[in-house]
Amino acid sequence: MSFNAWMLTIILFWPLLASLVILLLPSEQEQQIKNFAIWSSLLPLLLTSYLLWDYGINHLLAAGFAYSVNILWIPQINVHFHIGVDGLGLVMVFLTTLLTTLSLWYSKGVIHKRVKEYFFLFLFMEMGMLGVFLSLDLVLFYLFWEVGLVPMYLLIGIWGGKNRLYASIKFFLYTLTGSVAMLLAFIALYLKSGTFDIVELSKLHPFQGDIVLGSIVFFGIFLGFTIKLPAWPFHTWLPDAHTEAPTAGSVMLAGVMLKLGAFGYLRILLPILPQAFIKWSMLVVALGVISIVYGAFVCIAQDDLKRLIAYSSVSHMGYVLLGIGAAVASMRPGAIVANANSAAIALNGAALQMFNHGIITGGLFFLVGIIYERAHTRDLGVFGGLSGKTPYYYGLFLVTALASLGLPGLAGFWAEFFVFRGAFDIVRIWAIVGVLGVILTAAYILWRIVQSVFLGQFDEERWGNKLTDVEPYEKVTMWPLVIIMVIVGLYPTIVVNFLNQTSINILSKLP
Amino acid sequence: MNESVRTLLWLIPLLPFLAFVTIILFTNQDKKVSAGIEIAAMFLSWLVSWLAVALAIWSPHYFVKHPLILSFPWFPTGTTVFQGGLIVDIPSAAMLIMVPSLITLISIYSLGYMEGDKRYSRFFAYLALFATGMLGLVISDNLLMFFIFWEIMGLCSYLLIGFWFEKKSAYQAGLKAFLTTRVGDVILMAGMVMLFAYSGSLTFRDIFSQANLEHLANIHVMVPIAGSVPLAVVLAILIFWGAIGKSAQFPLHVWLPDAMEGPTPVSALIHAATMVSAGVFLVVRTFPLFYVVAHGDNAALHFVAFIGAFTALFAATIAVAQFDIKRVLAYSTISQLGYMFAALGIGAYYAAIFHLLMHAFFKALLFLASGSVIHGMEHAHHHLLHEGHEEKLWLPFDPNDMRFMGGLLNRMPKTAWTFIAGGLSLSGFPLLFSGFWSKDAILGSAWLTGHSVVFWTLAIAAFFTAFYTTRQICMSFCGQPRTAMAEHVSESPGTMTTPLMIIALVAIGGGWFGIPTAFPGLGLLVHNPFHHFIAPYMTYLGLHVEAEPFLWGPLLVSFTVVLSGIFFGWLLYGWHPMKVGAPDPLEEPLGPLWTLLHNKYWIDEFYNATIIALTIWLARELALFDKVVIDGIVNGVGYLVRLVSRWLRYVFDEIIIEGIVNGMATISNWFGEWTRQIQTGQVQNYLFAIMLTLVVLLGLDLFLI
């Protein structure tokens, strides 16, 4: 086996190794723990970057999974340690490793309580998330899914805000409910086909022809993923979890954890149960559109900056659902589609939105953290005039907010454009409703956020010199994200190239 | 030569973009250097643009067949690849005559106008970003890039309107501009993605190939109310909504007057000359789509003509009853853009482009001159404050209000005369001024093609135009100063007046390039070079090339309305100049009509009470729904589970089970004690449990293998 074949295994288990080392370090040596965590998180990031480069040269047009490892693990029930990536998986792995490094770097400056546990949990969580993106076996997938859940629960419960207990338990129970349903469905798939292997199952299409059982299994998995996404009406854990989570926790939650659900749609639900998915595709489209519009409306009525951005995630993840739903809906019997590429473009849009939302909303949560550290409040009613007072912060915030708004020339636009390009061809009526979200997004970003925080008069009496401009370590946190927003905005190919072939592959393997 | 200019095209938008980045990241502390970088970049960009323009002028016929195109693969779309690209063809070249020249001149003007502003560098950075957007838009060879640059301009417009963001009215105006145009943009985007889906491309040359146009014209789609409509017409109308927003046409016009809160150079550049006319350019660019069904005799072009003509008259009537010097001009801009759309709507392609260019120059001139006036008024106000003449100051002071002016002609003659030149051009003063020729081309076309409703609407609007312009000139410049500020006004510095005079020359003489050949005497002298420039391209598009419109009928009507408008304006405002504190002479005779016009037909109030109120109401209700209903269900389920478990404990467990399996209690008690120890609330114990599980799993794994 070549050297590259072991890359994914190293990327996956390195964070675990590092987290175990942290456990061995004495807890009073906080600086060493912080530095060690940051440095060790760089290795997966670098290896992923190398893989992106290698994948771009050697595997860009491949039909299967690259760098896969497949070892029999539990023979009694035919469970394999089977990992591998396609373009989408690799992009998600990159997103995870990047946001982890930035989160740890940022946390270095702001976490002073129970440092050892925090950094241990963070790296442990990274492994869980990476595992989900890499798994090609349902048991493995489920294990990592749960492994990522617990540290996040603890991060919110220990380092969170005032209402952290309610929020963390709500988060835990909500997602656990989904997980249980998902697990039962996975077992059903195994009982039907005798394998947990995702690649195998994608060829076998269990429950093909049995639309009743197929639908039941479909909804089991669907519930798990849709709660995680989260789509309306399963979204109310998200605002609470975000509002209470520490900054870096919010970044990982919005940036990576929400993507697990969306990723599951594309890796498991669609390839394995295409018939049921096609049958219920309009439901997915509807939930997507409702999430987009509903989330955007609710954003307008928020007064807490973090809560607002949490709801904006509901709205933005709705585009992912709309894109996937539209792509699948194009295969309904009798669907009229003008352009053969519409489905692939819609899927590209959904996948790109997963990446973009991670970068952009991750950035937004960092920015909220930056101001919260100074003001100790996130109430939108108390700020104003920061545009003149903290121009550097304003610049970073404005670019990120505009990217979130979907301004052309920045990353966010492309995903919306691709999704609507597909949706307007396939599910036109729903697309017309969904497009309303674009206007509302502009309203809550520019009116509720930018205007409240940055424009108007600066309240000298209230703030004095408390609201200082960004520190160097905060700049280091934000710049990589801002640069990615601009580069992807000007040249989306840099990401879409990885996603396009994945979309074509997924669609071409459907019956 | 063509080849080398072609490879330079990307510099046109890139240079200003580099200036933007440099100023924002590196030179923002140094005002002089920042401004210098912006102007240098603009000058170089202008130079490259004019190289391309020169090639186009050199040989329009050759250029039509061989435009400068620079294309590149951009991103994959399933099995195909989207091609991006830049193009300079005849319409782009026509725009490049005007756009970089005005941006450069207005940047120079801003050197003086923005003097002393604490965010001087930021201003020039935004201008540079705007230039990127506008220049990029002009030379985009596909609708997607066009749209991207279009939105970048929208952003700059937002930032620059709210440039003085401490002022509530300023940042609110910025928001209003962005959101209102966003409504149009979203509809445009819907049209664009559908066009993309049905054509498989967004490159203008592909979409407008004869085969694709016929394809679009032959597909019929069902539209509510209208029934079955050719797709081309639907797409054209959707695209036109983008123009309605950007060019501030009824019913999305409400943002432009408020946009006057921005610094005046911004009003001149973005909200008069370039960005707002980009909407017209959008229709110019996508005209084949509007034209393909029934040679333009279709719902899409009728809609364009209706909106244009209606807005032209509607906005002109509002302008009559405004006192803010810039708001009058804003409504006049809305009205003049309406003329251009009306021209396009009746198929007068050439006349629309001609009026677009002429209007850009004379309207920029008017704004810059009014900026000079405002600058003067503000400085006089400062001066008086400084000298301690508070008693002479009217409070609240508004430097834009024409009622506070009067008699400025002698105090700032360069400004006044250039303003008057622009004003006469806007009014369409016969023969000498550019506005006359371009407006006459539109009126002539309407007459010639038999669109009498459009013709008479525009003719009446022309009367109002001449009237409010004269009113404006008389109120500001004639008679005696009505306040101490006007008394102490002095002429603006050379950086401001020099660009004024350069633009004034064009605003007067530019029209001479478009004098119809058939015009007695003058026509033979100049041979209408502008028409010769545009006509080959129209032939290429398969448009009906209008015989250069010259007819006595429309000319006489035009003469009459313009001269009578000027006469009545002078009669009311010039003959007996306005007195201090006196009401407008029209206020009493018009009565409630005046109130209606002065309040802009209460359209803002209508929107606030309907769409905006509804949005906010919905937002609040849905947030409440989230909290009460959805979370209520979630918490309710949690409560129910607890209730059930309690019932199990007290009823089922204690009464029924306990009696039967009393012995089990000891075990469960022991179990409870044991699990209590696990729930210590200490993280390390949880971690230990996780670790233990992992080890067990790992061990199981090894053991089982």
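Structural notes, computed from the coordinates. All values derive from a computational prediction rather than experimental measurement.

**Brief notes about the overall build of chain A**
Item 1. Looking only at helices and strands, chain A features 21 helices and two strands.
Item 2. For a compact globule of 511 residues, the expected C-alpha radius of gyration is about 24 Å, and chain A comes in at 22 Å, within 12% of that figure.
Item 3. For chain A, the spread of C-alpha atoms along the three principal axes comes to 70 × 55 × 45 Å.
Item 4. Burial statistics for chain A: of 511 residues in total, 64% are counted as buried.
Item 5. Counting only contacts in chain A whose residues sit at least 6 apart along the sequence, the fraction spanning at least 24 positions is 81%.

**Considering the nonpolar core**
Item 1. Membership of the largest hydrophobic core comes to 460 residues, with the highest contact counts inside it found for Ala364 and Leu458 of chain B.
Item 2. Each residue touching leucine 458 of chain B, except ones within four places of it in the same chain, is listed here: Ala309, Ala312, Tyr339, Ala342, Ile442, Leu443 and Ala446 of chain B.

**Some thoughts on unusual backbone geometry**
Both trends apply: most residues other than glycine have a negative phi, and most peptide bonds are in trans.
Item 1. A cis amide bond, omega -15°, links leucine 229 of chain A with the succeeding residue proline 230 of chain A.
Item 2. Mapped onto the fold, proline 230 of chain A is located in the loop between helix H8 (211-228) and helix H9 (237-244).
Item 3. Look at the link from phenylalanine 250 of chain B to proline 251 of chain B: it is a cis peptide, with omega at 5°.
Item 4. As for its position among the elements, proline 251 of chain B is in the loop between helix H11 (231-246) and helix H12 (255-258).
Item 5. Phi at tyrosine 67 of chain A is positive, roughly 55°, even though this residue is not glycine.
Item 6. Mapping tyrosine 67 of chain A onto the fold places it in strand S1 (residues 66-74).
Item 7. A tally of 22 C-beta atoms within 10 Å means that tyrosine 67 of chain A is categorised as buried.

**Thoughts on the interface of chain A and chain B**
Item 1. Each side of the interface is counted separately: chain A has 48 residues, and chain B has 47 residues.
Item 2. Elements represented by at least two residues in the side of chain A that touches chain B include exactly S1, helix H5 (138-159), helix H12 (281-300), helix H14 (342-375), helix H16 (391-405), helix H17 (411-426), helix H18 (428-454) and helix H21 (493-508) of chain A.
Item 3. Broken down by element, the side of chain A that touches chain B gets its largest block of residues, eight residues, from H18 of chain A.
Item 4. Looking at the side of chain A that touches chain B residue by residue, the class counts come to 30 nonpolar, 15 polar and three charged.

**Some remarks on the packing of helix H3 (residues 87-110) of chain A against helix H10 (residues 247-272) of chain A**
All names here are of chain A.
Item 1. Closest axis-to-axis distance for the H3/H10 pair is 9 Å, and the angle between their directions is 170°. Here H3 lies roughly antiparallel to H10, going by the angle between them. Considering how the two elements wind past one another, H3 and H10 form a crossing that is left-handed. Contacts between H3 and H10 pair Leu88, Met92, Leu95, Thr96, Leu99, Ser103, Tyr106, Ser107 and Val110 from the former with Thr247, Ala248, Val251, Met252, Gly255, Val256, Lys259, Phe263 and Leu266 from the latter.
Item 2. Partitioning the contact of H3 with H10 into residue classes produces 12 nonpolar, five polar and one charged.

**Topic: helix H5 (residues 90-113) of chain B**
Residue and element names in this part refer to chain B.
Item 1. Compared with an ideal rise of 1.5 Å per residue, which puts 24 residues at 34 Å, H5 spans 34 Å between its outermost C-alpha atoms and is within 8% of the ideal.
Item 2. Leucine 96 marks where H5 bends most, by close to 35°; the proline proline 100 follows one to four residues later.
Item 3. Counted residue by residue, H5 has 23 buried out of 24 residues, so it is predominantly covered.

**Examining the environment of isoleucine 227 of chain A**
Residue and element names in this part refer to chain A.
Item 1. Of note, isoleucine 227 is situated in helix H8.
Item 2. Expressed as a C-alpha distance, the spacing of isoleucine 227 and glutamate 416, which sit 189 residues apart in the sequence, is 22 Å.
Item 3. Filtering out sequence-adjacent residues up to four positions away, isoleucine 227 remains in contact with Tyr174, Thr175, Thr177, Gly178 and Phe234.

Calculation criteria
Residues numbered from 1 in each chain as written. Chains lettered and ligands numbered in written order. Predicted model: local features only at pLDDT ≥ 70, side-chain atom pairs only at ≥ 80, totals over all residues. Helix = DSSP H or I, 4+ residues; strand = E, 2+ residues; numbered from the N terminus. Rg over C-alpha atoms; globule rule 2.2 N^0.38 Å. Buried ≥ 20, exposed ≤ 12 C-beta atoms within 10 Å, placed from the backbone. Contact = placed C-beta atoms within 7 Å. Core = buried A, V, L, I, M, F, W, Y, C linked by C-beta atoms within 7 Å. Nonpolar A, V, L, I, M, F, W, Y, C, P; charged D, E, K, R; others polar. Axes fitted to C-alpha atoms, helices over the stretch in contact; angles between N-to-C directions. Parallel < 35°, antiparallel > 145°, perpendicular 65-115°, else oblique. Left-handed = near helix turned anticlockwise from the far one by under 90°. Expected span 1.5 Å × (residues − 1). Bend = angle between axes of the 7 residues up to and from the residue.

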